[in-house]
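Chain residues, written in single-letter form:
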Amino acid sequence: MTWHNEIDDRRFLENHRRQQLIIHSRLHYQFIKNLDAAVGMSYSSQSPQDPHSSSGLTIPEFRPVQEISFTNPFSRKFSLQQRLRVDERFIHRNNGVNLIEGYDFHIRFRYRIQMSFRINEVEDKIPLTAKFSNEIMINSGSRFADRRFDQNRIYSGLETGLIENLSAELGFLHLFQQRATTNQFFEKNIIRLTIYHKIQI
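Quantities reported herein were computed from a predicted structural model and do not represent experimental measurements.

*Asks:* When you look at the overall build of the chain in this model, what are you seeing that I'm missing?
*Replies:* Looking only at helices and strands, the chain has 0 helices and 10 strands in total. Ordered by position from N to C terminus, the α and β elements of the chain give β-β-β-β-β-β-β-β-β-β. Scaling as 2.2 N^0.38, a compact globule of 201 residues should have a C-alpha radius of gyration of about 17 Å, and the chain matches this with 18 Å. When contacts within the chain are restricted to residue pairs at least 6 apart in sequence, long-range pairs at least 24 apart make up 48% of them.

Below is the structure:
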């Protein structure tokens, strides 16, 4: 079993304003070779989705998660991972200006396919891995009957080891998302910095 922790800082590309800060903590267990399941909790603090907004509102969210991943290692350097994740989202209510009492709850399903390529395998050098992924997210529940589609994320990043069990990743995220109250969509370009920590338990 492995304990995974992440700190994920996301900022709009055009003005470097924070879009979202997420902290993840999950326990992973490998049932059989290449098949991994995990349960855990995420905390999110999300700013207004308009990069030019002057609002200082940040919206907290608590999110129990469950996921299962299957990895195909095609070679020593290249692998393909498929992940199915379920988010139980508790989002703090707000009126667009201030937080108000209570939380809204809904469930979201996520499917991600990701390619990983190990650039550097030499033991006396810093490990370096390139990642490319596409993830689609689907809402559930009667309140989302008219907008099941939540968002699509296309991502590329580069992960490097820092010290044992600690690594950092810098990447670019293109997000295509339906607006909360309309049938319109918007696109965002985001820079993502993630710190990963893993402990064998």
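*Asks:* How do you make sense of the pairing of strand S7 (residues 128–139) when you look at a structure like this?
*Replies:* Side chains on a regular strand alternate between the two faces of the sheet. Judged from the 12 bridges that link them, strand S6 (residues 99–120) and S7 form a sheet pairing that is antiparallel. Note that in S7 the partner of Ile113 across the bridge is Asn134. Across 11 bridges, the pairing between S7 and strand S8 (residues 149–163) is antiparallel. The residue of S8 that forms the bridge with Ile138 is Phe149.

*Asks:* Help me understand the sheet that holds S8 in this model?
*Replies:* Hydrogen bonds between backbone atoms are what pair the strands of a sheet, whose relative direction is either parallel or antiparallel. One closed barrel accounts for 10 strands, arranged S1-S2-S3-S4-S5-S6-S7-S8-S9-S10; its pairing is antiparallel. Pairs of neighbouring strands in the sheet enclose a mean axial angle of 25 degrees, with direction left out of account. In this structure, strand S9 (residues 166–178) lies alongside strand S10 (residues 185–200), joined through 13 bridges in antiparallel fashion. Pairing of Leu173 across the sheet is with Ile190, part of S10.

*Asks:* How should unusual backbone geometry be read in this particular structure?
*Replies:* Glycine aside, negative phi is the norm for most residues, and most peptide bonds take the trans geometry. Its identity is not glycine, yet Asn34 carries a phi of approximately 75 degrees, on the positive side. Positionally, Asn34 belongs in the loop between strand S2 (18–32) and strand S3 (35–46). In the Ramachandran plot, Asn165 falls in the positive-phi region, its phi being about 70 degrees despite a non-glycine side chain. Along the chain, Asn165 falls in the loop between S8 and S9.

Criteria and cut-off values
Here the residue numbers are simple positions, counted from 1 along each chain's written sequence. A pLDDT threshold of at least 70 governs which residues receive local features in this predicted model, and a stricter bar of 80 or more applies before side-chain atom pairs are shown or counted, although totals over entire chains, interfaces and linings include all residues. Derived side-chain values reflect all non-hydrogen atoms in the structure, with water molecules and hydrogen atoms excluded from consideration. The way it works is that DSSP assigns letters per residue, a run of H or I at least four long becomes a helix, a run of E at least two long becomes a strand, and they are numbered from the N terminus. With C-alpha atoms as the basis for the radius of gyration, the globule rule is written as 2.2 Å multiplied by the number of residues raised to the power 0.38. Contacts are assigned to residue pairs that have any heavy atoms within 4.5 Å of one another. Strand pairing is defined by DSSP finding a minimum of two bridges between the two strands. Fitted lines through C-alpha atoms give the axes, limited to the stretch in contact for helices. The angle between two N-to-C directions lies from 0 to 180 degrees.

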